[in-house]
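Descriptive structure summary
Spelled out from the first residue to the last, the chains are:
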Amino acid sequence: MMDFIMVPLIVGIVCAGIYGLFELFVRKKERLAIIEKIGDKLEPSAFDVKIGLPRLATNFSFSSLKTGCLLAGIGLGLLVGFIISVFLADSSLDNWWRRELISTVYGASVLLFGGIGLILAFVIELKLSKEKDKNK
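These figures come from a predicted structure and were not determined experimentally.

**Some points on the overall build of the protein**
Each helix and strand in the protein was counted, giving three helices and zero strands. Taken from the N to the C terminus, the helices and strands of the protein come in the order α-α-α. For the protein, the proportion of its 136 residues judged to be buried stands at 9%.

Okay, here's the thing in structure tokens:
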């Protein structure tokens, strides 16, 4: 029963193993070349340990803001899609038409509100970067 998947799976595993082996040897050569280049310019004073307080990062990443706004937009889109589908769930429509309409409403509202969430994250990021530049 699973004969149709076994041949591509075995070929894929063999190809991935061969690729991994070649990549291993190439990375080793690259590392050795980098070590040789660094070894010529290396000074013993570079190994002096300086103890101090770590600096706070001044470059912020807005990936969590983008992810949060996207998920909030998707959640709001699902909620709006559910509300619209409840109001559209009328018995005069046949079963197929209702399912198609409700799935279209869900998809459109999730994409719309997810996009609005990303635009909102961009606007917030833009305002924060302007405030940061103004404070400098």
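Resuming the write-up.
**Describing the packing of helix 2 (residues 63–88) against helix 3 (residues 95–135)**
Where helix 2 contacts helix 3, the two axes come as close as 7 Å, and the packing angle between them is 150 degrees. As summarised for this structure, helix 2 and helix 3 are arranged roughly antiparallel, according to the angle between their axes. As helix 2 packs across helix 3, the resulting crossing turns out to be right-handed. Taken together, the residues of the contact of helix 2 with helix 3 break down into 20 nonpolar, seven polar and two charged.

**Some points on the pattern of salt bridges**
For the coordinates displayed, the defined rule picks out two salt bridges. E23 is paired through a salt bridge with R27; the nearest N and O atoms lie 3.0 Å apart. Placement of both E23 and R27 in helix 1 (residues 3–41) is noted, with a separation of four residues, approximately one turn of the helix. With a shortest N-O distance of 4.0 Å, K66 and E125 are connected by a salt bridge. Of the two residues, K66 sits in helix 2 while E125 sits in helix 3, which places them 59 residues apart along the sequence.

**Looking at the UniProt feature "transmembrane region" (unreviewed entry) in the protein**
Feature annotation in UniProt places "transmembrane region" (unreviewed entry) on residues 6–26, 69–89 and 101–124, given in this structure's numbering. Taken end to end, residues 6–26 is 100% helix and 0% strand, and its first and last C-alpha atoms sit 30 Å apart. Here residues 101–124 is 100% helix and 0% strand, with 34 Å between the C-alpha atoms at its ends.

**Quick look at the side chain of S109**
By the secondary structure assignment, S109 is in helix 3. Relative accessible area serves as the criterion here: at 6%, S109 is assigned to the buried category. Engagement of the side chain of S109 in a polar contact is seen with the backbone oxygen of V105, the distance being 2.9 Å. At a separation of 3.1 Å, a polar atom in the side chain of S109 contacts the main-chain carbonyl oxygen of Y106. Excluding anything up to four places from it in sequence, S109 contacts G77 and G81.

**Thoughts on the environment of G81**
Looking at where G81 falls in the secondary structure, it is placed in helix 2. Distance from G81 to S109, taken between C-alpha atoms, is 5.7 Å for residues 28 residues apart in sequence. When neighbours within four sequence positions are excluded, G81 is seen to be in contact with V105, Y106 and S109.

What counts, and where the lines are drawn
- Residues numbered from 1 in each chain as written.
- Predicted model: local features only at pLDDT ≥ 70, side-chain atom pairs only at ≥ 80, totals over all residues.
- Heavy atoms only, no water.
- Helix = DSSP H or I, 4+ residues; strand = E, 2+ residues; numbered from the N terminus.
- Buried < 20%, exposed > 50% of the residue type's maximum accessible area, 1.4 Å probe, protein only.
- Axes fitted to C-alpha atoms, helices over the stretch in contact; angles between N-to-C directions.
- Parallel < 35°, antiparallel > 145°, perpendicular 65-115°, else oblique.
- Left-handed = near helix turned anticlockwise from the far one by under 90°.
- Nonpolar A, V, L, I, M, F, W, Y, C, P; charged D, E, K, R; others polar.
- Salt bridge = Lys/Arg side-chain N within 4 Å of Asp/Glu carboxyl O.
- UniProt positions renumbered as here; feature names shortened; annotations may be inferred.
- Polar contact = N/O pair within 3.5 Å; in protein donor to acceptor, adjacent residues only side chain to side chain.
- Contact = heavy atoms within 4.5 Å.

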